[in-house]
Every structure is written in C-alpha cells, then in structure tokens.
Amino acid sequence: MTALLETHDLVKNYTIGGELVHAVNGVSLRIDQGEFVAIMGASGSGKSTFMNMIGCLDVPTSGTLMLDGIDTSTLDSDELAEIRNRKIGFVFQQFNLLARTSAIDNVAVPLIYAGVRPAERRQRAIARLEAMGLGHRMQNTPAKLSGGQQQRVAIARALVTDPLILLADEPTGALDTQTSLDIMGIFQKLNDEGITLIVVTHEPDIAEYAARRIVFRDGKVIEDAAVSSRRRAGEP
Amino acid sequence: MSDLLGALSGWSVNVAIAFTALRTNLMRSILTTLGVMIGVFSVILAVAVGNGAQVSVTQQIATLGSNMAIVVPEPERGNGPPRPGDRGRLTERDGEAIARQVPGVIAVAPQLRTSVQMVIGGRSANTQAVGSTEAFGSISNLDTSDGRFITRSDVGAATRVAVIGQTVADKLFVDVNPIGQTVRINRVPFTVIGLLESKGSNLGNDNDDQIIVPITTLRQRLSTATGQGPDDVTLLFVGFEDEETLVAGDREIKALLRDRYRVSKGKITPFTVRTTKEIAETSGQVTQIFQAVLVAIASISLLVGGIGIMNIMLVSVTERTREIGLRMALGAKRSDIRNQFLVEAAVLCIIGGAIGLLLAMVAAAIFQQVADFPAPIGWDTALFAIAFSAVIGLAFGGYPAIRASRLSPIEALRSE
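What counts as what
All residue numbers refer to positions counted from 1 along the written sequence of the respective chain. Chains carry letters from A onward and ligands carry numbers from 1 onward, assigned in written order. This being a predicted model, a pLDDT of at least 70 is required before a residue's local features are given, and a value of 80 or more before pairs of side-chain atoms are given or counted; all residues contribute to the totals for chains, interfaces and linings. A run of DSSP states H or I qualifies as a helix once it reaches four residues; a run of E qualifies as a strand once it reaches two. Both are numbered from the N-terminal end. With the radius of gyration taken over C-alpha atoms, the globule rule is written as 2.2 Å times the number of residues to the power 0.38. For the exposure call, what matters is how many other C-beta atoms sit within 10 Å of a residue's own: 20 or more marks it buried, 12 or fewer exposed, and in between partly exposed, using C-beta atoms placed from the backbone. Any two residues are considered in contact once their C-beta atoms, placed from the backbone, lie within 7 Å. Under the scheme applied, nonpolar residues are Ala, Val, Leu, Ile, Met, Phe, Trp, Tyr, Cys and Pro; charged residues are Asp, Glu, Lys and Arg; polar residues are all the others, including Gly. A pair of strands is considered paired only if DSSP assigns at least 2 bridges between the two. Each residue carries a pLDDT score, the predictor's own confidence in it, on a scale running from 0 to 100.

### What about the overall build of chain B?
Assigned secondary structure in chain B consists of 13 helices and 12 strands. Taken over the C-alpha trace, chain B has a radius of gyration of 33 Å; the compact-globule value for 416 residues is 22 Å, which it surpasses by more than 25%. The principal-axis extents of the C-alpha atoms in chain B amount to approximately 100 × 60 × 45 Å. Counting across all 416 residues of chain B, residues that qualify as buried make up 40%. Pairs at least 24 residues apart make up 82% of the contacts formed inside chain B by residues separated by at least 6 positions.

Okay, structure coming up:
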C-alpha cells in the first residue's frame, strides 16, 4: 500500500476572544490509497479542523502534511486550489449546490476551474450524473430535487475531476435514515472501485460502514482501529 | 491554443455566472445600472453638444472665406473700453493702398452697412444692406444660386441692383421668381439680380438675412449715416493668396495704415486686423473649453454611478461569501473569483453604458430637430462610451472583486 496522506505532528491553533485554542494538537497518522476511513468525535474535538487541513482548505499552524507525495506546506494559494481541484472531491452536510443552477451545471463547476472545454465538461457531467442514477434529473435545479438527490448531485460533482480522495463532512447529517444508508452504499461502491474515502461523522452506526475508525478528542487522536463489525449497505 | 480556448471559455462562463447573479436580484441590478446609464448618457450628450459647437464654429468660419483678413477702424481690445476718440477712419483708398502694397493680397472689398426696409406689393422685410464691390463675393465665399452677383460696372455706375439672401426672398416672394422683380428699398426702386446661395445659420445668427448692393449705390441712395467722408467704409475685407501671406499680412496692413494716418511711434494702432486663422483658433479654443466644462460636469454623475456599482458589488460579495467558499473548495483560484466579480461589474456597466448611449443618441436627435443645432454622435464616441463603461466597471468593481478573492476558503464556506 502507498501512503496517500501522511501527517506528522499536525497542529492548528486559533485565537478566539483573546484565548488560544488548540483545535488540532499534534496529530500524526497515515492513510493509504483505497482506505475507507471514518473520523469521529464530539463537536469541538478537532475532527472538522483536521478535515479542513487535509482538504487544503485551511493551513496548519505547524507540522507537515504530505498529500500524494507533496508537502502541502510549500504550496501557495493557487497551487492549493489546484490540489483541491484535481486530487480532492468534497461532499458537504448541506450539499452546497449552487441555487438556480441545473444539476448538470453544478456538476460541471470543478471542470471550469480545471480549464476543460464546454463540450467535454457537459459530457463528463452527464456521465457522472447517470452513474448516480440521476440521468432523468439533469436539468433540474436543486430546489426541484429531494435531499438524497441533491447529495447524489454533490457526489457526482466531487467525482467529476477523478480525484484521489473523497472528503465527506457529515454527508448524512441532513438526510433521513433510509437516504443515509443509500449514500453510504454509494460510498462503499466507490471504495470498492478503488477511491479513497474519508468521512467525518458523529453517528456511530454511520461509522460502521467504514473500514477504519479514527476518534478525536481535544485535538488528539484517542482511538484508531479497524471497524470490527463492518456493515454493508443493503444488508440488514 | 487550447490554453487560449480554455481562457475564453472561462470568461464566457463568468459572463453566464454574472447574468444569473444579476437576474437573481433584478430590481437591484436595474437600479444600479440606472446610475451608470445616467452618467454615460450625460457624458455622451455633453461630448455631442461640444462636437456640435465645434462643427458649428468651423462652418461659420468657412462661410467667412478661407484666407481673409478683416480691417476695422477700432483700436485693438485689451486697452480698456474704447473711447470716442479712439475710433479711426477707414476709406476705400486705404483698401486700394493695401491691394497695391501688401504682398500676397488678391483683392480688397470695402463694406458699408445699413439697415433697410424692403417692400414689394403688400409685403415687407427689414434686413441689413451690405454695400460692397464685385470682389466681395470671391473674398468672402459668397456665391449666387440664381441670377448674378454685382459687377464692376454696377459699382461704377451706381446701378440700383440687389442680390438678396434666401431669408429675405422667402419673406418677400411667394411662388414668384425674385430675379428681375423690382423692390422698393427705403422707397427707392431696385432690381433683384441674384439670389445668394444659402449658408444657413450659426448659433442663432441667420447668414441668409441680408442683401448686397453696390457700395456706390448704398452711399448715394440708402445710407442714413451722417458725418462721414465721401469714401468712408465700415470695414475692409482683404483676400490673401495663402495662409503664409495672411499671417504676415496682419503686420503689413497695420504698418501701412499707421504710415498712412501718420500715427506716431508709441501710440496705439487705431485699427484692428482680424484674420480668419485667428478667429478659427480663438473660437476653437473657446469651444474646447466649453466642451471640457460640459464633460467635467457630466462626469460627476458618472462618478456617482460608479460608486453605486462599487456599493452593490460589495453587497453582492458579502451575500455570496458561501458561494465564493464553495467555488474555492472546488478548485477556483483567487484570480478566478476576482474575474468572476469583475465581469459581473463590467456587465452591469456595459449594459448601463449601452442604454445610456442609445438614450443620448435619441436626445441628440431631438435636440438637433428642436434647437437646430448639430449634436453628432460618431462611431468613435459610441465605442468610447462602451469602453469607458467597461473601464468604470473594472475600476469600481475592482476593490470588491479583490476583496472577494482574498477570502479564506474555510471562513467563506462557514459563513451563513
């Protein structure tokens, strides 16, 4: 296995109201290609801050972060934007689709910033939406889609640039139980196809769909182990 | 090549994003555009009116004749108000001397003016009678559209003939060819021998409201002036070969007249020589200042429009902070975000500019009809208007756009 992501003594401090907060306080871990990792922890445990740093949305205060063999601390804002565009796909709790914009145009957004031409953007967006079972909903705007459909559009958007890692922050937080299971099923299928998945969640049963569970508390990793009784979507 | 296509498609995407955003807040977009529209409208109209003034002045100068000097028996301005004793005399013999002695002079035409009343049948007209010689036509670019001009023999024999302007003809004759008709001018019968080519009017001054008669006839039959010598004239028109002799002629004429009237050294010259070149230059400067002032005043409204753009773009950036964060997460570089908002501001301004330009064209056309004053808007002005609106957009949209591009992706994503 190759290390896709490796952190060494990663630290992130904030100053809030004149008080120094150690949001992430010395995290060293390694995630290999093809893993399916669930990151758990109470709110304020530092799991989201850690997630934002490995997603190159936020920069560490100290420590190193190697992503696909690149030391991200050496990159400027344009290079980080390119990493986010090419290597990482994001899925958010609130879906974060552009309002008044069709599903197809939403999915094509990352390709704009990748400099892909319009005809090819369209073609690739259609392929991703069809793979998500949304071939009949491509012209709909988010307001005309259910929560589950919106999240599937968001997953199609995350995958459209063929990233190495999919980062999902509470992807089922705004969905009902059945739809949540559907989404986890999609994630497992994608993982079977070889994509690396990192899912942040506070729901223990959602974490059971992953293969590895990392638990955060007070900015540190307190547990990192394989999921003992892994669930498969579609199984009771 | 593919980079270029990629860049172009990036811009077209930004234009599409801009239109979506502007449509979303349609009322706000329209009101913001209104500011730019009014600004561009007033600047373009100011430019048009200024251009019109310039065209009008150029036309007026062309009607004077191309290389011509006018000699007036008054001391030059700039020495305080004229005193009664300042006014000198000028005679036909002075004109003859100028024609003989000043280099480059083609011809000299004296001029004597008086107000007259013309009557034919039951109709009458009050106008200016200009007494001159056959040379007047060629020097001052006057030609007849019908009939003939006064001749040397008309002047020699003091015949009672008149060449009349179009306005005068319109007042006196309906459905009758004026040529050959007998008109009473201050009760003296005259024969109309020609119709002056119409020169239109400049700035309210009708060039067609005059008649031309031989100077000898005017002096004997029409002049009401008293206390004048037998060959005194109001002014002299001097026609020159070219611009070079005209420029030198100014000094030559003054020197000659000082000599003829024995003006001692140190005393001011009691004559003013104005050349068409000077008149053109002075008028050009005046109209340029006039135009600059107009444009400066109009620019203030454009500035206000630009500030409106900046204000609304700042609001737009604040409202769409989350969208900016999302776009950054999906791979937008700072320059992509900056360009997106720049294009939005430019689109607002170009739409406003285009509408403002159209309204200015309509207003200029109406102005031209109503005020009989040219206000041309050329392609260059139109292109300038559009380009200038885009520049306003970029200038006033620049700060909000840069502010948007400097947002931290994670803080932008977290904002509500």
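### Here's the deal with the overall build of chain A
In terms of helices and strands, chain A carries seven helices and 10 strands. Relative to the 2.2 N^0.38 estimate, which gives 18 Å for 236 residues, the radius of gyration of chain A is 18 Å and therefore close to what a compact globule would have. Seen through its principal axes, chain A has C-alpha atoms that stretch 50 × 45 × 40 Å. Counting the 236 residues in chain A, one finds 46% classified as buried.

### Thoughts on the interface of chain B and chain A
Facing 20 residues of chain B, the contacting portion of chain A comprises 21 residues. Looking at the side of chain B that touches chain A, the elements that each hand over two or more residues are helix 1 (2-24), helix 10 (321-329), helix 11 (334-371) and helix 13 (409-414) of chain B. For the side of chain B that touches chain A, the leading source of residues is helix 1 of chain B, giving seven residues. Among the residues making up the side of chain B that touches chain A, the classes are represented as 10 nonpolar, six polar and four charged.

### Observations regarding unusual backbone geometry
The backbone of Asn96 of chain A sits at a positive phi, close to 55 degrees, despite the residue not being glycine. Within the secondary structure, Asn96 of chain A sits in the loop between strand 6 (88-91) and helix 3 (103-113).

### A look at the sheet that holds strand 5 (residues 70-71) of chain A
Residue and element names in this part refer to chain A. What the four strands build is an open sheet, ordered 2-1-4-5; its pairing is antiparallel. Edge positions in the sheet fall to strand 2 (19-32) and strand 5, since each has one partner strand and no second. When strand 1 (residues 3-16) meets strand 2, the two strands line up antiparallel, connected through 11 bridges. When the bridges of strand 2 are listed, Val11 appears paired with Asn25.

### So, helix 10 of chain B
Residue and element names in this part refer to chain B. Burial analysis of helix 10 places seven of its nine residues in the buried class, the great majority of the element. Every buried residue of helix 10 is accounted for by Glu323, Ile324, Gly325, Leu326, Arg327, Met328 and Ala329. Remark: Gly331 follows helix 10 within two positions and exhibits a positive phi of approximately 115 degrees.

### Section: the confidence of the model for chain B
Caution applies to low-pLDDT regions: their predicted coordinates should not be interpreted in detail. Counting all residues, the mean pLDDT for chain B is 85, and 92% of those residues have values of 70 or more. No element of chain B has a lower mean pLDDT than strand 8 (residues 201-202) of chain B, which averages 61, and none a higher one than helix 10 of chain B, which averages 94.

### As for helix 3 of chain A
Residue and element names in this part refer to chain A. Of all 11 residues in helix 3, 11 are buried, a share of seventy percent or more. Every buried residue of helix 3 is accounted for by Ala103, Ile104, Asp105, Asn106, Val107, Ala108, Val109, Pro110, Leu111, Ile112 and Tyr113. At the exit of helix 3 stands Gly115, carrying a positive phi of roughly 75 degrees.

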